[in-house]
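# Overview (structure and organization)
Spelled out, the chains give:
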Amino acid sequence: MNVNQSIPPVPPFGQPQPVYPGYHQSSYSGQSGSTAPAIPYGAYNGPVPAYQQTPPQGISRALPSSGAPPASTAQAACGQVAYGQFGQGDVQNGPSSTVQMQRLPGSQPFGSPLAPVGSQPAVLQPYGPPPTSTQVTAQLAGMQISGAVAPAPPSSGLGYGPPTSLASASGSFPNSGLYGSYPQGQASPISQAQGHPGIQTPQQSALSQASSFTPPASGGPRLPSMTGPLLPGQDFGGPSVSQPNHVSSPPPQALPPGTQMTGSLGPPPPMHSPQQPGYQPQQNGSFGSARGPQPNYGSPYPAAPTFGSQPGPPQPLPPKRLDPDAIPSPIQVIEDDRNNRGTEPFVTGVRGQVPPLVTTNFLVKDQGNASPRYIRCTSYNIPCTSDMAKQAQVPLAAVIKPLARLPPDEASPYVVDHGESGPLRCNRCKAYMCPFMQFIEGGRRFQCCFCSCINDVPPQYFQHLDHTGKRVDAYDRPELSLGSYEFLATVDYCKNNKFPSPPAFIFMIDVSYNAIRTGLVRLLCEELKSLLDFLPREGGAEESAIRVGFVTYNKVLHFYNVKSSLAQPQMMVVSDVADMFVPLLDGFLVNVSESRAVITSLLDQIPEMFADTRETETVFVPVIQAGMEALKAAECAGKLFLFHTSLPIAEAPGKLKNRDDRKLINTDKEKTLFQPQTGAYQTLAKECVAQGCCIDLFLFPNQYVDVATLSVVPQLTGGSVYKYACFQVENDQERFLSDLRRDVQKVVGFDAVMRVRTSTGIRAVDFFGAFYMSNTTDVELAGLDGDKTVTVEFKHDDRLNEESGALLQCALLYTSCAGQRRLRIHNLALNCCTQLADLYRNCETDTLINYMAKFAYRGVLNSPVKAVRDTLITQCAQILACYRKNCASPSSTGQLILPECMKLLPVYLNCVLKSDVLQPGAEVTTDDRAYVRQLVTSMDVAETNVFFYPRLLPLTKSPIESTTEPPAVRASEERLSNGDIYLLENGLNLFLWVGASVQQGVVQSLFSVSSFSQITSGLSVLPVLDNPLSKKVRGLIDSLRAQRSRYMKLIVVKQEDKLEMLFKHFLVEDKSLSGGASYVDFLCHMHKEIRQLLS
Ligand SMILES: [Zn+2]
């Protein structure tokens, strides 16, 4: 018996299928139907850090309304103009009508006690006190491989000494002499490796190293540089040897592919065998040996032919610096994964499979586990016990993007309708029916895979089992065969037991002096006239169900009646911002097509109405309050689009003062720069979440606006923040309009609640992202779009079982754009292990970095930034030391041995450590830092990957006719050739770097000028020229933009030009001007930390 008649049979395993009724691909993907815009609204736009801009020209007026007329006059003036223009036949709106306006119930007083920022108090994880001793930063900055170890010492593997100088404090990037030297007369191990690529097997190496291995002592004293506060659950000191399962190193045959390096770390161990230790399994050749020559490293280290082939006596080494080609290369890892895993589809049928990297293009086939586009994990093999997990220190986390957009050739989740009975769930833990539920007793009952509870199968859901115990209809039902699917929710899942109304969008436009003067208001109003035709729709719907409303404001609010029956829009002014209410119900939220004429008229009139405004002051909290009250009155969820220009200093709830103070950087009070000024914003956010009111904030600041405070409401309601510093229409309109178009057209789930259930043994304990939590389990999202992720951390609460593995089920309850209440379910099964090596073999570094960045970026709210950095370093060292101790083959501690899956952990972690939030340069503003902090909070793994390690693409190296993206090079100045042109992008910024010796023909083809000197530095648009190179470069820029969720504005940078400093900030393998370590230096430092843990 199958009541599910409306469900068409599911072809086995998620082949691409036509859009299923009731669900559709996002409208901005070019499938939105016949009325789709000719020019697809594609890429979008990114933040412009203030330092990218030229200084504001003549707009540095004081924020307080010094030159402005008294507010009352200004308001009266606005009012008169407004009524004059709107007034024909308008009997509703007298000039003083605000006084008589009906007050709606439900206005909430402000001033509730301050709630903690960003997250729920229960799960905040405070850092401990700052470390008191060693200056890690100083060490990093001055790290050198000491040349003082001159005559190669025997096996002790001394490596570099303490920092001997703060070389390169001069500000230029180091490219010579910095990385220490090897003693005279002996070839560096690196050159040795280059001479013998891939000749060793793990077995050989392990044998060759066995003699020099010294088992690390347990429980060594905590070293000064490791005094960073512990992470939650973090063990003290080094890895313990007390774990019975992990005392001994596994036999060589069982080794995971380890990645070993000796070269960076001082003199090589003695030549006790023909094989040079430390160069065995280099499967992907990322240690230089198997790679082609690099431009700047032709052959710096002449190979010593006899080295390694004869166990000679130790000889003095020649001065050598560490070859950057010899350390793990992100470019190589990405390329290898593309080559190895980009060709076959990723089929999700097998538990615990590590998916291809986020940088690899691959097709996903759902065979019972959620696609990695929805869920990625730090590890796909979880330690069975919490002791093991504590020992490894590898965070167990999942980065979940419940409404992720899929490529066109992958099917959106099916919608399953169980009618009035609703989705089938476990009676005890409330988990939803999924492929892992076990049917028993001939199909009459099922055992819950999460809590083991035995449940009756309702008669209408009964089905016979086949000889394997599987229901015979398993492949006809998405919830029994697929990792991801949706259920239609019944009325029980709706607020107040009432099916929801379609959501509404309210556009709230700052019309103060700054907004008018820059042309923003005119640009925005013009754009909205056409953009309103592209509101998100569902399925084959002719038009969007979403209703719209309009508000303008400065220090008072203007509401507009745009009812279709009116000849002209009507304005109502509310000046009592202290106790906001909505002055009209009927005619405020309307259907776009019905009210088109009135709306168009309004958008035509707004720029004119305020053209002469001299009002510079704005309010902020009352604006959001008004929008939220309007949704409440209309009994619907929705989104507010707020376009705002200045620090809200007008007298009103949420009034702010300029509290920016760069002197706080590197002090214990630095955290206050990231905290909101007042609790009014959190109080308001809480009310918004209760109403399902999500806020997207577009900021256009000329100076400090306190992003840390203004972004609280967007952040807690699942919204987005966009920032356009020193906005000028001519320079920034493309970026702003691209972002706006994409944002307005995004498919959004409203009034959402997400719950992550797990099988017995682990549970979700911490959450990161843009949302609100009022208890410890439910993630509340006023709105959730396809770009937002929620990162969830898990902890053990019992022993896990290798056989049954571990299960996650993410259930998202939300209201669709058409007002349908739905549940989206994602399931994922992971393996469990009793050997640490299995954990390290199945990790995903990109996801680890996503988690660690979010953890750190939340930490700065409560702890000194230095303490946060130290915590990251300590955790990374513990992760790698545990591997070294328990999983790697015995060898000298002079070698740095990294797990194959984590060999990029040091380079990526260093990028997080030197990011603007954790180590700001002088040019980074407080607002920039707060902005980036909140952006990263909801980034997915692909976004954090490129954000922290930018992509650098040489443009003239590959043949002009080549249509594929050129292979990237490492983000270091040493990789730049002055005869070439490069594109660099990180998802928010896009640079075109032009070398000083670029051929004149190339300059002509791209810029239409005859020489390098004639290229305009800072150019943001390339001329449209009809030649292959120009077309190729512009095409590539378009394609990069299309891949990112925000529009990246182009900046042309010339070599040796002033702007180059901006560009160099993104060459993350180099030492940064703000003191961030180079990759090589950081790797040395990390090795030192690991050795301290092991000794
Ligand atoms: Zn259960």
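Database annotation for the protein chain, UniProt heading Sequence similarities (unreviewed entry): "Belongs to the SEC23/SEC24 family. SEC24 subfamily."

### What about the side chain of Glu1060?
Mapped onto the elements of the fold, Glu1060 is located in helix H25 (residues 1060–1064). When its relative accessible area of 5% is taken as the criterion, Glu1060 is described as buried. Excluding residues that lie within four positions of it along the chain, Glu1060 makes contacts with Trp993, Val1053, Lys1054 and Gln1055.

### Quick look at the pattern of salt bridges
Inspection of the entire model under this criterion finds 50 salt bridges. Here Arg841 ties to Asp838 by a salt bridge, and the two come within 3.0 Å at their closest N and O atoms. Residue Arg841 and its partner Asp838 are both found in helix H17 (residues 836–841); the two are separated by three residues, about one turn of the helix. You can call Arg841 partly exposed: its relative accessible area is 32%. Taking the shortest distance from any N to any O, the salt bridge between Arg951 and Glu985 comes out at 2.8 Å. Taken together, the residues span a long stretch of sequence, with Arg951 in strand S26 (residues 951–954) and Glu985 in strand S27 (residues 981–985) at a distance of 34 residues.

### Considerations on the sheet that holds strand S16 (residues 638–644)
The seven strands are arranged S15-S14-S13-S12-S16-S17-S18 in an open sheet whose pairing can be described as mixed. The outermost strands of the open sheet, each flanked by one partner alone, are strand S15 (570–574) and strand S18 (721–723). Across the sheet, the axes of successive neighbouring strands diverge by a mean angle of 20°, strand direction being ignored. Two elements, strand S12 (residues 504–510) and S16, share six bridges in a ladder whose sense is parallel. Each residue of the ladder has a partner; that of Ile506, found in S16, is Leu640. Against the sheet, helix H12 (residues 621–633) makes contact with S12, strand S13 (547–553), strand S14 (557–561), S16 and strand S17 (693–699), and its axis sits at roughly 160° relative to S16, the strand it touches most.

### Here we look at the coordination of the zinc ion
Each protein donor to the zinc ion is listed here as Cys426 (SG), Cys429 (SG), Cys448 (SG) and Cys451 (SG); together their distances run 2.2 to 2.3 Å. Spacing between the donor residues of the zinc ion along the chain follows C-x2-C-x18-C-x2-C. A residue pair is termed long-range when its members are at least 10 positions apart, and Cys429 in the loop between strand S7 (415–416) and strand S8 (438–440) and Cys451 in the loop between strand S9 (445–447) and strand S10 (454–456) qualify at 22 residues. In this structure Cys429 comes out as partly exposed when scored by relative accessible area, which is 22%. In this structure Cys451 comes out as buried when scored by relative accessible area, which is 15%.

### Section: the sheet that holds strand S28 (residues 989–994)
The strand order across the open sheet built from four strands is S26-S27-S28-S29, with neighbouring strands paired in mixed fashion. Each edge of the open sheet is held by one strand with a lone partner, namely S26 and strand S29 (1049–1054). The average angle at which neighbouring strand axes cross in this sheet is 20°, direction not considered.

### Considering the packing of H12 against helix H13 (residues 680–691)
Running from N to C, H12 and H13 cross one another at 20°; their axes reach a closest spacing of 10 Å. If you check the angle between H12 and H13, you find them roughly parallel. Between H12 and H13 lies a crossing of left-handed hand. Residues Val621, Ile624, Gln625, Met628, Leu631 and Lys632 of H12 lie in contact with H13, whose contacting residues are Tyr681, Leu684, Glu687, Cys688 and Gln691.

### Quick look at unusual backbone geometry
Non-glycine residue Asp751 carries a positive phi angle of around 50°. Structurally, Asp751 can be placed in strand S19 (residues 748–758). Phi is positive for Glu1056, close to 70°, though the residue is something other than glycine. With respect to the secondary-structure elements, Glu1056 resides in the loop between S29 and H25. Residue Glu1056 is classed as exposed on the basis of its relative accessible area of 67%.

### Quick word on the nonpolar core
Core analysis: the largest hydrophobic core is formed by 153 residues, its most contacted members being Leu557, Phe559, Tyr840, Leu918, Leu983, Leu992 and Phe1007. Residues within four places of Leu557 in sequence aside, it is in contact with Val551, Thr552, Met572, Val573, Val574, Val577, Met580, Val619, Pro622, Val623 and Ala626. Grouped together as the second largest cluster of nonpolar side chains are 49 residues, Leu531, Val562, Met609 and Cys817 included.

### Topic: the packing of aromatic side chains
On inspection of all chains with the given rule, the structure shows 31 aromatic pairs. Arranged with centres 6.2 Å apart and planes meeting at 70°, the rings of Tyr857 and Phe948 form a pair that is edge-to-face. With Tyr857 in helix H18 (residues 845–859) and Phe948 in helix H22 (residues 941–948), the pair connects residues that are 91 residues apart, well separated along the chain. Of the two residues, Tyr857 and Phe948, both sit in the buried class. A relative accessible area of 3% places Phe948 in the buried class. Members of the aromatic cluster, connected to one another through ring pairs, are Phe643, Phe698, Phe700, Tyr722, Tyr724, Phe727 and Phe736. The cationic tip of Arg1046 hangs over the ring face of Tyr722; the distance from NZ or CZ to the ring centre is 4.1 Å.

### Things to note about the pairing of strand S24 (residues 821–833)
Burial analysis of S24 places 13 of its 13 residues in the buried class, which makes it a mostly covered element. Across the two faces of S24 the burial is the same, with Arg821, Leu823, Ile825, Asn827, Ala829, Asn831 and Cys833 and Arg822, Arg824, His826, Leu828, Leu830 and Cys832 all buried. As judged from the three bridges shared by strand S5 (residues 381–383) and S24, these two strands associate in the parallel manner. Within the sheet, the bridge partner assigned to Ile382 lies in S24 and is Cys832. Judged from the ten bridges that link them, strand S23 (residues 806–815) and S24 form a sheet pairing that is antiparallel. Bridged to Tyr814 within S24 is Arg822. What sits between S23 and S24 in their antiparallel hairpin is a turn of five residues, with Gly819 showing a positive phi close to 95°.

### A closer look at the state of the cysteines
Per the counting criterion, the structure on display carries zero disulfides. Unpaired in this structure, Cys688 has its nearest cysteine sulfur neighbour in Cys693, at a distance of 4.2 Å. According to the relative accessible area criterion, Cys688 is buried, its value standing at 0%.

### Remarks on the pairing of strand S11 (residues 484–488)
Within S11, five of the five residues are buried, leaving the element largely enclosed by the surrounding structure. The alternating pattern of S11 places Ser484, Glu486 and Leu488 on one face and Tyr485 and Phe487 on the opposite face, and all of these are buried. Relative to S11, S7 runs parallel, the two sharing two bridges. Residue Val415 lies in a different strand from S11, and its bridge partner there is Glu486. Judged from the five bridges that link them, S11 and S24 form a sheet pairing that is antiparallel.

Scoring rules and cut-offs
Residues numbered from 1 in each chain as written. Predicted model: local features only at pLDDT ≥ 70, side-chain atom pairs only at ≥ 80, totals over all residues. Heavy atoms only, no water. UniProt positions renumbered as here; feature names shortened; annotations may be inferred. Helix = DSSP H or I, 4+ residues; strand = E, 2+ residues; numbered from the N terminus. Buried < 20%, exposed > 50% of the residue type's maximum accessible area, 1.4 Å probe, protein only. Contact = heavy atoms within 4.5 Å. Salt bridge = Lys/Arg side-chain N within 4 Å of Asp/Glu carboxyl O. Pairing = 2+ DSSP bridges. Axes fitted to C-alpha atoms, helices over the stretch in contact; angles between N-to-C directions. Donors = N, O, S within 2.8 Å, 3.2 Å for Na, K, Ca; no water. Parallel < 35°, antiparallel > 145°, perpendicular 65-115°, else oblique. Left-handed = near helix turned anticlockwise from the far one by under 90°. Core = buried A, V, L, I, M, F, W, Y, C linked by side-chain atoms within 4.5 Å. Phe/Tyr/Trp six-rings, centres within 6.5 Å; stacked < 30°, edge-to-face > 60°. Lys NZ or Arg CZ within 6 Å of the ring centre and 35° of its normal. Disulfide = S-S within 2.5 Å.

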